[in-house]
Amino acid sequence: MSHLNSTQVISPGKIQKWKKSGNGIIGHTDHAHFKIIFYGSSIARVTLTRQPNFEDFSYAVVAQPGQVELNINESGKEIIIESDALRIFVNTDSLKIKFANKNNEVLNEDDLTTLWNGEQVTSYKKLQDGERFIGLGEKTGPLNRRGHGYVNWNTDSYGYNSASDPLYCSTPFYIGIHSGLQYGIYLDNTFKTHFNFGASNNRFSSFSADAGEMNYYFIAGATVREIITHYTHLTGRMPLPPRWSIGYQQCRYSYFPDKEVLNVARTFREKDIPADAIVFDIHYMDAYKIFSWHPSHFSNPKSLIEKLKDDKFEVVVMCDPGIKVEKGYHAYDDGVRDDVFIKYPDGSYYTGQVWPGWCHFPDFTSPKARRWWANKFKDYIELGIEGFWNDMNEIATWGNQLPDNIGMSFEDQHDTIRRGRNIYGFQMARATYEGTKQLLKGKRPFNLTRSAFSGIQRYAAVWTGDNIATDEHMMLGVRLLNSMGLTGLSFCGYDAGGFVGDAHPKLFGRWISIAAFSPFFRGHSMVNSRDAEPWSFGEEVEEISRNYIKLRYRLMPYLYSAFCESSITGMPVQRSLAIDYPHEEKVYLNQYQHQYFFGDSILVAPVESHRELTKVFLPQGDWYSLFDDLQYTGGEIMVECPIEKLPVFVKGSSIIVMDGDQVNNTKSKSTVLEIHIYNGQNSCSFTLYQDDGSTFAYEQGEFSLQTITFDPDKSEIDIEPTKGDFESQYSDYRIYFHGFGSLSKVKVDQKPVSISQADYRLVQPLRSFDPVVQSNEGYKIPSLPFIELKASQETIKIQY
């Protein structure tokens, strides 16, 4: 029987020397060096290392230390560092650290001090009473991570289940919630990392890295929203994607030959189902080789893409990192010539087997390799392709076992795949984005990735990989997106309908209705599975799919404005209820943890396909059913949810904007803006964002903002004129009044206007029933008062 030798586990020991340094302190202990540096009054970086020098290198963090007014003092056995938002207490005997807010309420504190066990370094945090943990991004399990443990080690997780870990993507950021308080911790280390939130112990939570520094950022905030804003200040926020990319995208592994692609696109238009993109999976390539076209199946890609664009479809192409070892294949030949591939320690190229056969893989941590990769996209761009799908980039190989000794450049600092695996997909997506952005000369590329790391929002959307066509996976996908939004990944989605296996009709219909309220909206299915286009499941499911896809397109001004907000503040488009109600216990219950906000005001309550009745939790306040205008007050309610009717609600005191004209793609423009005012007790506002939807001109100020406000105390609605250099597409407004009863009079700029009534519906009826509301008296359609106005260069004041 062996016993742990105390010399195997090393603590920092006592602080021997410390000094003020810039925005914090730096020093050394008996066995380590440490520093605590502020990146803002609410953000402090804590770094511990046993090496003589700090690394100070990050692909994820783009922020720099900010100028912060600090009070730094030593009292007894503590160094106290104070900003106007955060107080840090450092024990000089042990280097234990305690974090408190400006009111001296403890947010987080070390239990054991940070310890090294060989190369592995671990920070141990005291479990606070009633503490919950949310975040970590693409992780299975419940919303509340308490009692669970997770590993960050990007892995090709084909057909994963609801307990699988790890998956494809690592975002080592979480939020702790207790005692009416909240804080965030981001561990910036790309080695394999481990998070334990009280699994198998009741004393501490912990996070560790298999090697490298203990390097984490502590984030204080008065709200979860504030913490997410601070975190995305550190790791960056997404640029606005092309508007077409947030429309519906249709994919299959694979559509071929080219005639099938054209038939799918034509069928969308004939059946009046909106769509914006067709996605080409690996069969468009010659023998699965990236940067090639199949000589017979896609013999004339230029003509094919021109025909698709004529019908207002964009094209997204699959991009795998594996370069087939084959002399005469241009990507292999010039990759060897330019020496861009990852290598073994003896200088020979690593070779792994994947779709094309035995392949080499570019080293995307090398600037030279990123330039080489970017240059390879010229032919795609010249063909008119503007969408790119980075897949198999964990790195995925047959056998799924990368040798640990593979070397990578790390910007000429050099390290192994142990440090590079979690960042490989991130760096590939970065190379694709930066290269295509430059080649597109001012147009926005759409970039999608499977593998990623914190900060990926700067370069790509993320989807959740090879899911399965089951109700369990449908609900798991919702939880994954809710969690990814908590970690800065705003443009994210799943394969609607399920990739692996065959969805049954009711499952597909339900999945499409939920996915219509997700940031990234794509249908996708696997080779040798049944057809999985919206019309492939019978007339009823086709109509349900058409209804919800059309609804998404009508919501485009609301949705695109939410994307704009995310690009500015980091707030996700799909928002767990824990963001706004972190201390509400019901938010974390299994039956309610899937619920989320889509944008700021629409609450979605996902439900399995077999359910006809479900319970929904509505937070405190006034609520409206989106489809029938039934009113509710906060609490637990029971609602009907037949397959055609997803439970969706709108907060009282909200403004929802929609396109008044139905379009079948995002390039077609509605000239009518519907403005839906939902009555409530509080004032509210909505800012409509518009730009050209395709270029980066918005970064030079070519956009417009329009603010709409509702003040129930004054019985007034103000529609401000559009402000900015971009001309609004809307010439007419149609204002709907929800929850106002029978309005007898409305004045616009002090002048009475006529009030109309409309049988209002957001989706068209099916042949045998109406998907608006079911009651004992049958299906009913709400009648709403509305007024119609012309757009104005002056503020329009509406009084009721």
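The structure displayed is predicted, hence computed values, not measured ones.

> Where do I start with the packing of aromatic side chains in this structure?
Two descriptors summarise a pair of aromatic rings, namely the distance from one centre to the other and the angle between the planes of the rings. All told, the structure shown has 74 aromatic pairs when counted by the stated rule. Pairing Tyr186 with Tyr217 gives two aromatic rings, centres 6.1 Å apart and planes at 25 degrees, and the pair type is stacked. Of this pair, Tyr186 sits in strand S17 (residues 181–187) while Tyr217 is found in strand S20 (residues 214–220), placing the two residues 31 residues apart along the sequence. Tyr217 matches Tyr186 in its accessibility class, with the two residues each being buried. Above the plane of the ring of Phe313 lies Arg269, whose end atom (NZ or CZ) is 3.9 Å from the centre. Stacked on the ring of Tyr329, the Lys or Arg Lys289 has its end atom at 5.1 Å from the ring centre.

> Sorry, what's going on with the sheet that holds strand S27 (residues 387–390) here?
Through backbone hydrogen bonds, the strands of a sheet pair up, either in parallel or in antiparallel fashion. A barrel is described by the order of its strands in space; here eight strands give the closed sequence S21-S22-S23-S27-S30-S32-S33-S34, paired in parallel fashion. On average, adjacent strands in this sheet sit at an angle of 25 degrees to one another, irrespective of strand direction. Relative to strand S34 (residues 520–523), strand S33 (residues 492–496) runs parallel, the two being bridged by four bridges. Residue pairing in the sheet places Tyr494 in a bridge with Phe521 of S34. Lying on the sheet, helix H2 (residues 258–270) is in contact with strand S21 (248–252) and strand S22 (277–280); it crosses S22 at an angle near 160 degrees. Sheet strands touched by helix H8 (residues 471–486): strand S32 (461–463) and S33. Its angle to S33, the strand with the most contacts, is close to 170 degrees.

> Explanation requested: the nonpolar core in the structure shown.
As a rule of thumb, soluble globular proteins bury nonpolar side chains together. Counting 219 residues, the largest nonpolar core has Phe280, Phe517 and Ile798 as the members making the most contacts within it. Filtering out sequence-adjacent residues up to four positions away, Ile798 remains in contact with Ser715, Glu716, Ile717, Ile719, Ile735, Phe737, Val746, Lys747, Val748, Ile787 and Leu789. Membership of the second largest hydrophobic core comes to 40 residues, among which are Ile25, Ile79, Trp116 and Met214.

> Would you mind showing me how to read unusual backbone geometry here?
The bulk of non-glycine residues show a negative phi, and the bulk of peptide bonds are trans. Cis geometry marks the peptide bond from Asp165 to Pro166; its omega dihedral reads 0 degrees. Looking at the element boundaries, Pro166 is found in the loop between strand S14 (149–152) and strand S15 (169–170). Here the bond from Tyr253 into Ser254 is cis, since omega is -5 degrees, no more than 30 degrees from zero. Relative to the helices and strands, Ser254 is located in the loop between S21 and H2. A positive phi angle, near 50 degrees, is found at Phe410, a position not held by glycine. With respect to the element layout, Phe410 can be found in the loop between strand S28 (407–408) and strand S29 (415–416). Using a relative accessible area of 1% as the deciding quantity, one classes Phe410 as buried. For Asp749, which is not glycine, the phi torsion reads 55 degrees and is therefore positive.

> What exactly am I supposed to notice about the state of the cysteines here?
By definition, a disulfide is the covalent link that joins the sulfur atoms of two cysteine residues. The tally for this structure, following the rule as stated, stands at zero disulfides. Cysteine Cys251 remains unbridged, with the sulfur of Cys319 as its closest cysteine sulfur at 12 Å.

> Hey, could you run me through the side chain of Asn101 in this one?
You can see Asn101 is positioned in strand S9 (residues 97–101). Of the residues examined, Asn101 reaches a relative accessible area of 13% and is grouped as buried. For Asn101, the side chain forms a polar contact with the side chain of Glu105, separated by 2.8 Å.

Cut-offs used in this document
- Residues numbered from 1 in each chain as written.
- Predicted model: local features only at pLDDT ≥ 70, side-chain atom pairs only at ≥ 80, totals over all residues.
- Heavy atoms only, no water.
- Phe/Tyr/Trp six-rings, centres within 6.5 Å; stacked < 30°, edge-to-face > 60°.
- Helix = DSSP H or I, 4+ residues; strand = E, 2+ residues; numbered from the N terminus.
- Buried < 20%, exposed > 50% of the residue type's maximum accessible area, 1.4 Å probe, protein only.
- Lys NZ or Arg CZ within 6 Å of the ring centre and 35° of its normal.
- Pairing = 2+ DSSP bridges.
- Axes fitted to C-alpha atoms, helices over the stretch in contact; angles between N-to-C directions.
- Contact = heavy atoms within 4.5 Å.
- Core = buried A, V, L, I, M, F, W, Y, C linked by side-chain atoms within 4.5 Å.
- Disulfide = S-S within 2.5 Å.
- Polar contact = N/O pair within 3.5 Å; in protein donor to acceptor, adjacent residues only side chain to side chain.

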